Amino acid sequence: MPEHASTPPAVRLRGITKRFPGVVANDGVDFEAAAGEVHALLGENGAGKTTLSNVMTGLYRPDGGSIELYGRPVEFRSPRDALDAGVSMVHQHFRLVGAFTVAENVVLGDHRGEARTFRLRPRRIERRVAELGEQYGLAVNPRAKIWQLSLGEQQRVEILKALYRESRVLILDEPTAVLTPQEAETLFVTLRSMADDGRTIVFISHKLNEVKAVAERVTVLRGGRSVATAPTTDATPQSLAELMVGRELAAIRPERVEVPVEDETLLEVEDLWADGDRGETALRGVSLRIRAGEILAVAGVAGNGQRELAETITGLRPATRGLISVRGKRLRGGDPRRAIRAGIAHVPEDRLGTGVAPSLDVASNAALKSYRGQGPFLRRRLIRRRADELIRTFDVRGATHATPARQLSGGNLQKVVLGREFSAKPTVLVAASPTRGLDVAAMASVHGYLREAAAEGMAILLISEDLDEILALAHRVVVLYEGELAGEVDPHGATVNEIGLLMAGGSRA
Amino acid sequence: MTIRIERRLEQPHWLAVAVPSASIVLALLLTGAVLLVTGHDPVHAYHRLFDAAFVGKDALTQTLVSATPLAFTGLAAAAAFRMQLFNIGAEGQLYFGAIFAAATALYLHSWPSALLIAAMVVAGAVGGAAWAAIPGVLRAFCRTNEIITSLMLNYVAALILNYLIFDSLSYWRDTSTPEAKVFPQGKMLPGGANWPSWGIVHSGPGLVIPLGFGVAVLVAVGLWALYSRTRFGFEVQVLGDSPRAARYAGIRTRRKILAVMCLSGAIAGIGGASQDGDFRHLLDPRGLQQAGYGYAGIVVAALGRYNPFAVVLISVLLGGLQNAGYALQGADFPSGLVGVMEGLILFSALGCELLRRYRVRVVRRTGHEPTVPATEPTS
């Protein structure tokens, strides 16, 4: 529908370059999106998508290149310049004030007309927010406080913010990561209707089917460069994946491989209760049982107790009630060291802050759980040698044992974490979102390691929001909803829709 | 043309030496400007200052006397900072070290000197550690901000110190003569409690090294070994970098917080013992309080970038400055000069930190297109 030869594109980036210490995040990126278009920005993690969007919204100043909006060159000195020019962004991590109402958040940071006056007139803002919500199918109560809202609702508030400011360009960074499949569908409808109004939607993702579903055109980034722009009608998931990775891939969807399960129960969780960070009850009587060689997946929308479940089993969070036992031996909770000794390995959700100490080198991080040798002294040479071994066996690229962990890409960092956790020969592995943010190739190798570990007789608790991953890996799937197990599904027969319904709190028909 | 400040892509090694040196030169220039404006000859003033600090007769010896407590409090601050703990309480911990060491010396007066001195060191360390344990426990178990608690406890420690000598007939107070009852002061410590010193250079200006300074150097070596070679040091490093990663790795974070606070306090406490044994030979509240060793130690640690060896070196430099300040006080020497200089050194050192991480580049503009540099500046 767009593409008039005479009108300049709504957004045109030429040769955008942005360097950080040790990396060139964007290397001469070209990007164009027309008014009235949903344009997807696709790329592996670390391909430079987020950096590019931060350049577009004035958070970063590019080291080179130019930005044009509707044919006029612009230079953003701050996010405010970008907002004034009509460019808004919905970040992966929402920028909302929890204690404020929806309407207050919408008007926050707005400095035109209404919001400029000293006195806030909440009624008028609330009315406008309600109007916009109705028009675009973004149902949310303007007077609700942010902390009362689900992540999906919070995302709607972020979009309302952009609409309220009359932004003409809206960038969304991986917006579906926190949504159920059904919620994602609704979001796509909203985005379409915004584009039909002549706005430009830049949709950042690394999920191929979403890109096909919502966007008209797609630009693929790889290694900080823009490698292609194409209409999505011509593209197949296969061809997009090849552009992203830069080589042919055997299969995109992880293939199901059966791993035989033994009878011995390795991890048993009974009636587990725990509190969340704000003192709310986050886990309500969860019971699980995982046998040797079994991968049990916990599905659910983020924030329904998954993190608390992983942390409680691994001792990072004390349980308020319930039992955890490993090989039939009861584990005293709330103590990570005991959990490690009992043979529980943990791949945490937050790789960089929890899984490793980011400023320390790879050697130290590889030794994070095994440095306790004999005596008070560190065995530096041994630690370095083990790190070198880990780098070799787990194919960690672009790093030596002396590289600070924070300089590793997500995939390589995850390999270090996995390598370390496996090296202790654990009984149970708790893996929380082990492939979140990883690219297709890294994802495949992580899946490979998990399968291998299960084949060797480990019990694996896989917590994930990626249903494709769950269906490919798990022997059994349970769904966590508001801290309770909403049900168990058989991955052989289940469809994404069926699990999605449980994730949203509906019971199976 | 515009000036752009941008992040360095890498930090070359020579910067680690060049930047601090440049910041000292900058501080000297700034102080020089202050001197000129106030009608003094900067070259003359600097000459005298340098002379009094490092060259003149006994200058270096006196400088070490000033440097010794700074080295201890600096090492104390550096020890805690390794774990991102801000122990502002070295001042109070030093007082407690002095109180404990003095009591030990008075009580064990009949012991042979070597043993007595060793006992004083231990007592000083215990006193400082005990006082530091208060903010340590509060931080570890109640998550109280250690900056505030350790700072406030300095005043409590000062009041206790004054009380012991001025407001009570305590064990430390000299009550032997009627005079001492009117003009309160501490009991003289026994002769065996006088820490020895060694004359290294006898000709020229001469150099006498007090035992306390030697102990400070030993503590620096020990601290370095502890933090780079032991499990404890590894755990402290992990905890300093990411407390969540430390907990995840099964490190007992509360114990470690308490241990590091006590370690820091113990080092400051040994500084207090050295004050008793090396220089004052009695518990001397006024003398201990007038210099603000604890606070100066934070400056020393910051300038030394929390490296134990650099901390000792910097303590000698700042000690020299303080010593020269005392020596030169008089009508013809601006009395605030040393304070001004110390302030400017810290100011420019912190300011120049920026240059380690950022690079200033002048960009010439031609039309709309921002210039892209053809080549990366070499590092």
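Scroll up to find the structure this text is about.
Bear in mind that the values here come from a model prediction, so they are computed numbers and not experimental data.

Undergrad: Would you take a moment to explain the sheet that holds strand β11 (residues 265–275) of chain A for this structure?
TA: The pairing of strands in a sheet comes from backbone hydrogen bonds and takes either a parallel or an antiparallel form. All names here are of chain A. Taken together, the four strands give an open sheet; going across it, the order is β12-β11-β14-β15, and neighbouring strands pair in antiparallel fashion. Among the strands making up the open sheet, the edge pair consists of β12 (281–291) and β15 (329–330). Strand direction decides the pairing type here: β11 and β12, joined by seven bridges, are antiparallel. Residue pairing for β12: L267 is matched across the bridge by I290. With respect to the sheet, helix α10 (residues 306–313) is in contact with β11, β12 and β14 (321–326), its orientation differing from that of β12 by roughly 60°.

Undergrad: How should the interface of chain B and chain A be read in this particular structure?
TA: When the parts of a complex come together, some accessible area is lost, and that lost area is often taken as the interface size. Each partner contributes residues to the interface: chain B has 23 residues there, and chain A has 28 residues. Listing elements by their share of the side of chain B that touches chain A, those giving two or more residues are α9 (231–241) and α10 (243–248) of chain B. Among the elements that make up the side of chain B that touches chain A, the one with the highest residue count is α9(B) (six residues). A breakdown of the residues in the side of chain B that touches chain A according to their chemical character gives nine nonpolar, five polar and nine charged.

Undergrad: Just to check I follow, could you spell out the packing of helix α3 (residues 59–81) of chain B against helix α4 (residues 90–107) of chain B for this structure?
TA: How two helices sit against one another is set out by the angle between their axes and by the gap between those axes. All names here are of chain B. The interhelical angle for the contact between α3 and α4, taken along N-to-C directions, is 120°, at an axis separation of 10 Å. With respect to their mutual orientation, α3 and α4 come out oblique. Taken as a pair, α3 and α4 cross one another with a handedness that is right-handed. Contact residues: α3 offers P69, T73, A76 and A77, while α4 offers A90, Q93 and L94. Of the residues that constitute the contact of α3 with α4, the class distribution is five nonpolar, two polar and no charged.

Undergrad: I tried to follow the pairing of strand β2 (residues 197–201) of chain B on my own but got confused; where do I start?
TA: Within a regular beta strand, the side chains point alternately toward one face of the sheet and then the other, so they alternate between its two faces. All names here are of chain B. Little of β2 is tucked away, with zero of its five residues classed as buried. Pairing of β2 with strand β3 (residues 207–210) involves four bridges; the strand directions are antiparallel. What sits directly across from G199, in β3, is V208. Between β2 and β3, which pair antiparallel one after the other, the connecting turn spans five residues, and G204 there sits at a positive phi close to 60°.

Undergrad: Help me understand α3(B), please; the structure alone is not making it clear to me.
TA: The α-helix advances 3.6 residues per turn, and as a result positions three or four apart in sequence lie on the same side. Residues and elements named next belong to chain B. Helix length check: α3, at 23 residues, gives a terminal C-alpha distance of 32 Å against a target of 33 Å (1.5 Å per residue), a fit within 8%. If you look at α3, its biggest bend is around 30°, right at A67, and the proline P69 turns up within four residues after that. Counting buried positions over the 23 residues of α3 gives 21, a clear majority of the element.

Undergrad: Hey, could you run me through the nonpolar core in this one?
TA: As a rule of thumb, soluble globular proteins bury nonpolar side chains together. Core analysis: the largest hydrophobic core is formed by 257 residues, its most contacted members being A:F203, A:I460, A:L462 and B:L75. With 14 residues, the single largest contributor to this core is α3(B). Discounting chain neighbours no more than four positions away, the residues touching A:L462 are A:I295, A:L296, A:A297, A:A431, A:I470, A:L473 and A:A474.

About the thresholds
Residues numbered from 1 in each chain as written. Chains lettered and ligands numbered in written order. Predicted model: local features only at pLDDT ≥ 70, side-chain atom pairs only at ≥ 80, totals over all residues. Pairing = 2+ DSSP bridges. Helix = DSSP H or I, 4+ residues; strand = E, 2+ residues; numbered from the N terminus. Contact = placed C-beta atoms within 7 Å. Axes fitted to C-alpha atoms, helices over the stretch in contact; angles between N-to-C directions. Nonpolar A, V, L, I, M, F, W, Y, C, P; charged D, E, K, R; others polar. Parallel < 35°, antiparallel > 145°, perpendicular 65-115°, else oblique. Left-handed = near helix turned anticlockwise from the far one by under 90°. Buried ≥ 20, exposed ≤ 12 C-beta atoms within 10 Å, placed from the backbone. Expected span 1.5 Å × (residues − 1). Bend = angle between axes of the 7 residues up to and from the residue. Core = buried A, V, L, I, M, F, W, Y, C linked by C-beta atoms within 7 Å.

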